[in-house]
Amino acid sequence: MELTERQEKILEIVKKYGPITGENIAELLNVTRAALRPDLAVLTMSGYLEAKPRVGYTFRNGAVESEIRKILNRYRVRDVQSVPVVVKETCSIYDAIVALFTEDTGSIYVVGDDNYLVGVVSRKDFLKTTLGQVDINKVPISVIMTRMPNIITTTMDETVVEAVRKIVEHEVDSLPVVKCFIDKDNEEKLQVVGKISKTTVARLFLELATKRIEGV
């Protein structure tokens, strides 16, 4: 990880004066404690610094391990997943857009008559459609959705790290969390039971960062 100039200065200060509180570091750098908080969170979660309540920050000697990966590997998707927005494939594009905004979501998952996953539609898909000549009140969402098997999914037992890797590698905003079933024809069917998104992961990072620097 490439550090900023201020983060490098923070490490120099902690090496020289540690243990040292965040307030004292801010004074030496002539910045506010609030301005310094994101940098301290990054350095702590990345393994460069150790934060001890009522003691301060100390420098970690030796090789720096990926603290972020270590922490996130403790979490499974089931621990952070949110409620998905699901519509039938016969739903009109207009009604799906209404659901998109009323539920404040970035993606909508589409299911068939058997309630198994058949597609996904993103905000970008809706935007491209509404800029065209399509009658969104009459055309079903199935016309514009990305269909199976071209949908990247995750499961409740998968680690958050693996889910994040899929989001980054496939450049998607979210993943449907699914349970797998085998139907009477011996075909794999996926039931949507949740969602994990960039926002979900950002909230987890914020929660972990806040916990790590609390009381320092």
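Residues numbered from 1 in each chain as written. Predicted model: local features only at pLDDT ≥ 70, side-chain atom pairs only at ≥ 80, totals over all residues. Heavy atoms only, no water.

A. The arrangement of the overall build of the protein in detail. Looking only at helices and strands, one finds nine helices and eight strands in the protein. The globule rule puts the C-alpha radius of gyration for 216 residues at 17 Å, and the 23 Å found for the protein is more than 25% above it. Expressed along its principal axes, the backbone C-alpha trace of the protein runs to roughly 65 × 40 × 25 Å. The buried share among the 216 residues of the protein stands at 42%. Here the analysis covers contacts within the protein between residues at least 6 apart in sequence; of these, 57% occur between residues at least 24 apart. (Helix = DSSP H or I, 4+ residues; strand = E, 2+ residues; numbered from the N terminus. Rg over C-alpha atoms; globule rule 2.2 N^0.38 Å. Buried < 20%, exposed > 50% of the residue type's maximum accessible area, 1.4 Å probe, protein only. Contact = heavy atoms within 4.5 Å.)

B. Region of the structure containing the sheet that holds strand 4 (residues 107-111). The mixed open sheet is built from four strands, whose spatial order is 3-4-5-6. Lying at the two open borders of the sheet, with one neighbouring strand each, are strand 3 (86-88) and strand 6 (146-147). Of the pairings in the sheet, the one linking strand 5 (residues 117-122) to strand 6 comprises two bridges and is antiparallel in character. For V120, the partnering residue across the bridge sits in strand 6 and is T146. Lying over the sheet, helix 7 (residues 123-130) contacts strand 4 and strand 5, oriented at roughly 70 degrees with respect to strand 5. (Pairing = 2+ DSSP bridges. Axes fitted to C-alpha atoms, helices over the stretch in contact; angles between N-to-C directions.)

C. Region of the structure containing the packing of helix 1 (residues 5-17) against helix 3 (residues 33-45). At a minimum axis distance of 10 Å, the contact between helix 1 and helix 3 shows a crossing angle of 75 degrees. By the angle between their directions, the pair helix 1 and helix 3 is classed as roughly perpendicular. Here R6, Q7, I10 and L11 of helix 1 come into contact with helix 3, specifically with A35, L36, D39, L40, V42 and L43. (Parallel < 35°, antiparallel > 145°, perpendicular 65-115°, else oblique.)

D. Just helix 7, in detail. Taken as a whole, helix 7 has its buried residues at D125, F126 and T129. Projected down its long axis, helix 7 carries its buried residues within an arc of 100 degrees, all on one side. Facing away from the buried surface of helix 7 by more than 90 degrees, the exposed residues are K124 and K128. Along its buried surface, helix 7 packs onto helix 6 (93-102), strand 4 and strand 5. (Arc of directions from axis to C-beta.)

E. Looking closely at unusual backbone geometry. In this chain, G18 is followed by P19 through a cis amide linkage whose omega measures 0 degrees. P149 follows M148 through a cis peptide bond whose omega is 10 degrees. In this fold, P149 is placed in the loop between strand 6 and helix 8 (160-170). Positive phi, close to 65 degrees, is recorded for R54, a residue that is not glycine. As for its placement among the helices and strands, R54 is situated in the loop between strand 1 (49-52) and strand 2 (56-59). Phi is positive for E171, which is not a glycine, with a value near 55 degrees. Along the chain, E171 turns up in the loop between helix 8 and strand 7 (174-182).

F. How the structure looks around the environment of T21. You can see T21 is positioned in the loop between helix 1 and helix 2 (22-29). Separated by 36 residues in sequence, T21 and Y57 place their C-alpha atoms 6.0 Å apart.

Honestly, it's all geometry; don't read function into it.
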